[in-house]
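Overview (structure and organization)
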Amino acid sequence: MDDQTVFDDVLAMPPVDTKYVAGLFHHDRATFKGISLEARVLLKSLTIRSKPNDRFLIVGRARSGTTLLTKLLNGHSEIECDGEILKRFMISPKAYFNRLANKSLFPVYGAKLLSYQMAQVHRMRRPDLFLRQLEDDGVLLIHIERETLSQTLSLAVAQHRRQFHSDRGAVALGRKLRLDCDDFVRRLEWSEALLRYERAAFAGIDHLKVIYETHLADPAAQITTLERICGRLNMAAEPVEMPIKKLLPTQPDGIIENFEEVAAAIRKAGFEQLLPQI
């Protein structure tokens with residue numbers, strides 16, 4: 001399957017975890033809020049003298065570790081790492097990113113972009129061209145991946161409980177979650193498609209790959225990851241505190257009440273490779 005087919009297939013998929021306005025547009029695309037914000041930042045940028053600074057963009061799926069990495073980087077005294085600055089549709093995402101970077105008071109500016117926003121909100125049929133333009137501008141691109149089952153389950157639980165992170169400490173899981181098998185398989189299918197979309201977009205582009213399980217799951221790995229990123233940005237790393245506590249058990253059978261039933265549905269759908277090897 002060539003990259004363009006991957007991009008087109010993702011854009012053609014029905015919505016998961018959200019409803020489209022009039023059945024056609026993601027709600028963050030069918031709004032003028034992003035364009036209005038884009039216009040305000042453009043007007044302000046006319047009075048701000050641009051200054052050189054290093055820039056980076058974090059790209060990944062929701063619940064893949066982007067928030068953790070953002071908070072870790074914000075612990076550095078010379079880095080400003082924004083959140084999801086492109087979560088609403090804008091006419092020129094690249095220009096908006098650069099304008100925010102230009103008005104930053106920090107030597108290094110970065111932000112994060114979730115892949116669903118590339119596909120559903122901005123409808124990027126050629127996300128590789130968008131990333132290539134940033135690469136040509138000298139932006140450090142950081143691609144975060146996480147095992148799909150863990151990422152999808154984490155997102156499902158967070159949406160169900162409306163709790164995504166805790167800065168105060170671990171929170172008891174309480175009762176296990178009973179999942180709708182068909183719904184969860186659709187979520188897995190969508191998440192796997194987004195991962196293919198990301199990988200195709202980054203193919204042939206210089207970037208730094210971060211694997212959640214290897215590079216972010218424990219404090220020692222986080223220190224090494226920050227050193228890698230700071231090295232690419234030509235700056236010294238600084239010690240930071242762990243800002244987020246994990247809320248869930250590690251194994252899916254400790255989270256899902258009907259795990260065997262869900263696992264059977266996953267196997268039937270052809271995603272057996274996503275299940276943990278026990």
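A few points on the structure. In this convention, every chain numbers its residues from 1, walking through the sequence in written order. In view of the model being predicted, local features appear only for residues whose pLDDT reaches at least 70, and side-chain atom pairs are presented and counted only at 80 or more, with totals across whole chains, interfaces and linings using the full set of residues. With hydrogens and water set aside, each side-chain value is computed from the structure's full complement of heavy atoms.

**Some remarks on the packing of aromatic side chains**
- Two aromatic rings from Phe, Tyr or Trp, using only the six-membered ring of Trp, form a pair when their centres are within 6.5 Å; if the ring planes differ by under 30 degrees the pair is stacked, by over 60 it is edge-to-face, and anything between is tilted. Counted under the stated rule, the structure contains 2 aromatic pairs.
- Measuring from ring centre to ring centre gives 5.5 Å for F7 and Y197, while their planes differ by 80 degrees; the resulting arrangement is edge-to-face. With F7 in helix 1 (residues 3–12) and Y197 in helix 8 (residues 181–202), this pair connects stretches of sequence that are 190 residues apart.
- Burial here depends on accessible area, computed with a 1.4 Å probe over protein chains only, as a share of the maximum for the residue type. Under 20% is buried, over 50% is exposed, and the range in between is partly exposed. Here F7 falls in the buried class, since its relative accessible area comes to 1%.
- Judged by relative accessible area, Y197 falls into the buried class, the value being 0%.
- Here the aromatic rings of F97 and Y109 are separated by 5.8 Å at their centres, their planes lie at 50 degrees, and the arrangement is tilted. Note that F97 is positioned in helix 4 (residues 93–102) and Y109 in strand 5 (residues 108–114), a separation of 12 residues in sequence. Here a helix means four or more residues in a row that DSSP labels H or I, a strand means two or more in a row labelled E, and each is numbered from the N terminus.

**Here we look at the pairing of strand 5**
- The element strand 5 is extensively covered by neighbouring structure, given that 7 of its 7 residues are classed as buried.
- Side-chain alternation along strand 5 places V108, G110, K112 and L114 on one buried face and Y109, A111 and L113 on a second face that is also buried.
- Pairing between strand 3 (residues 54–60) and strand 5: 7 bridges, direction parallel. Paired with V59 across the two strands is L113, which belongs to strand 5.
- Any two strands between which DSSP finds at least two bridges are classified as paired. In terms of strand pairing, strand 4 (residues 79–84) meets strand 5 through 4 bridges, oriented parallel.

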